[in-house]
Amino acid sequence: LGPVPSGSVFVVVGALVANIFTSASTALVSAYVSNNAGGATRGFIIRGASVPYGQTLPLLGTNSRAVLELNDSLLFKSASGNNSLDIIVSYLDIT
């Protein structure tokens with residue numbers, strides 16, 4: 001998700017990660033905010049979390065939000081290889 005354009009703020013209100021790995025094994029996922037202008041990681045939402053085969057992991061709690069500012073992106077990385085995760089992100093674009 002992102003990068004956030006000038007004049008906007010993205011408020012992430014929910015994110016789900018589903019393990020669709022074909023080998024019926026646990027997938028490992030990390031989600032983090034990165035600033036595209038400088039390439040720096042601003043912080044992790046979750047790092048190296050296990051998602052059992054066929055299961056879904058919510059990344060933000062009921063009262064949690066992640067705020068993305070100018071040039072920020074929400075990125076996901078799987079330690080289990082490509083095509084092992086499906087990701088759904090719900091967010092508000094505040095302009």
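The preceding data block contains the structure.
If you're wondering where the values come from, they're calculated on a predicted model, not measured in any experiment.

(A) Summary view of the overall build of the protein. Regarding its fold elements, the protein presents zero helices and seven strands. Ordered by position from the N terminus, the helices and strands of the protein form the series β-β-β-β-β-β-β. Taking 95 residues into account, the globule formula puts the C-alpha radius of gyration at 12 Å, and the protein, at 14 Å, falls close to it. Each of the three principal axes of the protein carries a C-alpha extent, and together these read 45 × 30 × 15 Å. Counting the 95 residues in the protein, one finds 33% classified as buried. Within the protein, contacts between residues at least 6 apart in sequence are counted, and of these 73% link residues at least 24 apart. Working note: accessible area of the protein is about 5400 Å², and carbon and sulfur atoms make up 51% of it. Counting 4 positive and 4 negative side-chain charges, the protein places the averaged centre of each group 10 Å from the other.

(B) Spatial organisation of a nonpolar patch on the surface. On the surface, a nonpolar cluster with roughly 230 Å² of combined accessible area is contributed by Val13, Leu92 and Ile94. Position of Ile94 among the secondary structure elements: in strand 7 (residues 85–94). What makes Ile94 partly exposed here is its relative accessible area of 45%.

(C) Seen up close, the side chain of Asn35. Along the chain, the position of Asn35 falls in strand 2 (residues 27–35). Of the polar contacts made by the side chain of Asn35, one reaches the backbone oxygen of Leu70; its length is 3.4 Å. Within the structure, Asn35 has its side chain in polar contact with the side chain of Asp72 (distance 3.1 Å). Among all residues touching Asn35, those that are not within four sequence positions of it are Ala40, Arg42, Leu70, Asn71 and Asp72.

Calculation notes
Residues numbered from 1 in each chain as written. Predicted model: local features only at pLDDT ≥ 70, side-chain atom pairs only at ≥ 80, totals over all residues. Heavy atoms only, no water. Helix = DSSP H or I, 4+ residues; strand = E, 2+ residues; numbered from the N terminus. Rg over C-alpha atoms; globule rule 2.2 N^0.38 Å. Buried < 20%, exposed > 50% of the residue type's maximum accessible area, 1.4 Å probe, protein only. Contact = heavy atoms within 4.5 Å. Areas by Shrake-Rupley, 256 points an atom, 1.4 Å probe, with all protein chains shown as cover. Lys, Arg positive; Asp, Glu negative; His and termini not counted. Charge placed at Lys NZ, Arg CZ, Asp CG, Glu CD. Patch = residues over 30% accessible without salt bridge, like charges linked within 9 Å, V, L, I, M, F, W, Y side chains within 5 Å. Salt bridge = Lys/Arg side-chain N within 4 Å of Asp/Glu carboxyl O. Polar contact = N/O pair within 3.5 Å; in protein donor to acceptor, adjacent residues only side chain to side chain.

Honestly, that's just the spatial picture; any functional story needs more than this.
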